[in-house]
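Structural characterization, general
Here's the letter readout for the chains.
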Amino acid sequence: MWAQTAKVDQAAKSDKDRITLGNGDTLTGKVGKVVYGNVSFHSDELGDLTIPLIKIEEMHTATEFAAGAKTERLTKKNVAEQVPVGKIALENETLSVMLTQGAVREFPVKDLNFMLDEQAYRRDLHNQSDFLYGWYGTATLGATVVTSTNSAQTYTGTVGLVRAIPTIAGLPAGSKTILNLSASYGLAKDPEIVSGSDVFQTASVTKTDILHGDLEYDKFFTPMVFGLVSGSADHNFGNGLQLQQAYGAGVGWAILRSPQNDLAVRASLQYEQQQFYNGITSGLGTPTENLVSASIGETWSRTFPHSIKFNEYVTLNPTFNVVRAYSGVAGAGFLFPVYKNLNFSVTTTDNYLGDPPEGFLRNTFQFTTGVTYTLK
């Protein structure tokens, strides 16, 4: 213990964290955090690194960290007592936390669940962060432009953001905010083409105009059960839908909860309004519907080897006062890493509307590829 304390004091005097690898190389810099067996480290010479914990022979920090063990079952009531906070010394496959009162807490390195700097740990533990803290997600853009006798242009964009507090898996769940925005716009123009007295092609214009947005706030009562409030808005020219808005509250169950594998189911009651293109703009005269409905859905995200990510969701909205006005949406997609934060994405989405205006189809299917930027 005295030897470990001396090395920690030496690291503190230099104001640098120090890592010694299994091959004997020593790195100095700043430890960020430890999650899922990987250490985030900023090296003075090499920049930002991710180092597997099993490749580290020794680690000593100049500042204090909170270290949680896999063997501890953490709850909101006991987390402050069970998670030790102090300077870190890792040697001989044992992690030691030098507590401020002079005591030492030790456990095997293989049992380390997470390690987070003291300030970030306190901020997450007491939910003292501002609204801009803790967001992560993706932003995707795609475009197709054709200019010839016939012209066409299609633009797509999506933003998916999540803010989970605490920001590190292993601490008891607190809250989660989910924001999704998407848009798809396309315009195709075909001019009239006449050859002699024959009309080879009649003039036409085709438009695609689909907008979606939703916001959900989850508050965890237990590590798996949470309450939720949500709101959403949709516009779909292809379904004759001018605006569908819904507001609701309900409960959810986080069956799996980690950045690598996240599966949850939700159920809520909601007020919903469907506004269709009216008789003035479309000649269809479809009325506006005020609905009492439910929302039943599941979401699943999974990270595979090589950081390939899969996302899938299904939501069904049965209606009670106007049964034929039910709706639903389902989607799935893959994210393939390309370079640093840039990815290639492939997604499919299917919107279903039970009671569209006459002449409009119930289904709107989208297949989209694009360049995705990961926000961290």
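Scroll up to find the structure this text is about.
Here we summarise the structure given alongside this text.

Thresholds applied
- Residues numbered from 1 in each chain as written.
- Predicted model: local features only at pLDDT ≥ 70, side-chain atom pairs only at ≥ 80, totals over all residues.
- Heavy atoms only, no water.
- Phe/Tyr/Trp six-rings, centres within 6.5 Å; stacked < 30°, edge-to-face > 60°.
- Helix = DSSP H or I, 4+ residues; strand = E, 2+ residues; numbered from the N terminus.
- Buried < 20%, exposed > 50% of the residue type's maximum accessible area, 1.4 Å probe, protein only.
- Lys NZ or Arg CZ within 6 Å of the ring centre and 35° of its normal.
- Contact = heavy atoms within 4.5 Å.

In this section: the packing of aromatic side chains. Under the counting rule described, the total for this entry stands at 5 aromatic pairs. Centroid distance Trp300 to Phe310: 5.5 Å. Interplanar angle 70°. Geometry classified as edge-to-face. With Trp300 in strand S19 (residues 289–304) and Phe310 in strand S20 (residues 308–317), the pair connects residues that are 10 residues apart, well separated along the chain. The exposure class of Phe310 is buried, given its relative accessible area of 15%. Look at Phe310 and Phe334: their rings are 4.9 Å apart centre to centre, the planes differ by 45°, and that puts the pair in the tilted class. In this pair, Phe310 is assigned in strand S20 and Phe334 in strand S21 (residues 327–339), connecting sequence segments 24 residues apart. Of the residues examined, Phe334 reaches a relative accessible area of 36% and is grouped as partly exposed. Taken together, the ring pairs connect Trp300, Phe310, Phe334 and Phe336 into an aromatic cluster. Its guanidinium or amino end placed over the ring of Phe237, Lys207 lies 4.5 Å from that ring's centre, counting from NZ or CZ. The side chain of Arg257 reaches across the aromatic face of Phe220, ending 5.8 Å from its centre.

Right, let's get into unusual backbone geometry. Cis rather than trans, the peptide bond between Ile165 and Pro166 has omega equal to 0°. By the secondary structure assignment, Pro166 is in the loop between strand S11 (151–165) and strand S12 (175–190). Phi at Glu93 takes a positive value of approximately 60°, unusual for a residue other than glycine. Looking at the element boundaries, Glu93 is found in the loop between strand S6 (85–91) and strand S7 (94–99). The residue Lys340 is not glycine, and still its phi comes out positive at about 50°.

What follows concerns the environment of Leu215. Within the secondary structure, Leu215 is located in strand S15 (residues 204–220). It is 7.4 Å that separates the C-alpha atoms of Leu215 and Thr177, two residues lying 38 residues apart in sequence. Excluding residues within four positions of it along the chain, Leu215 makes contact with Thr177, Ile178, Leu179, Val229, Ser230 and Gly231.

The values reported here are purely geometric and, on their own, carry no functional implication.
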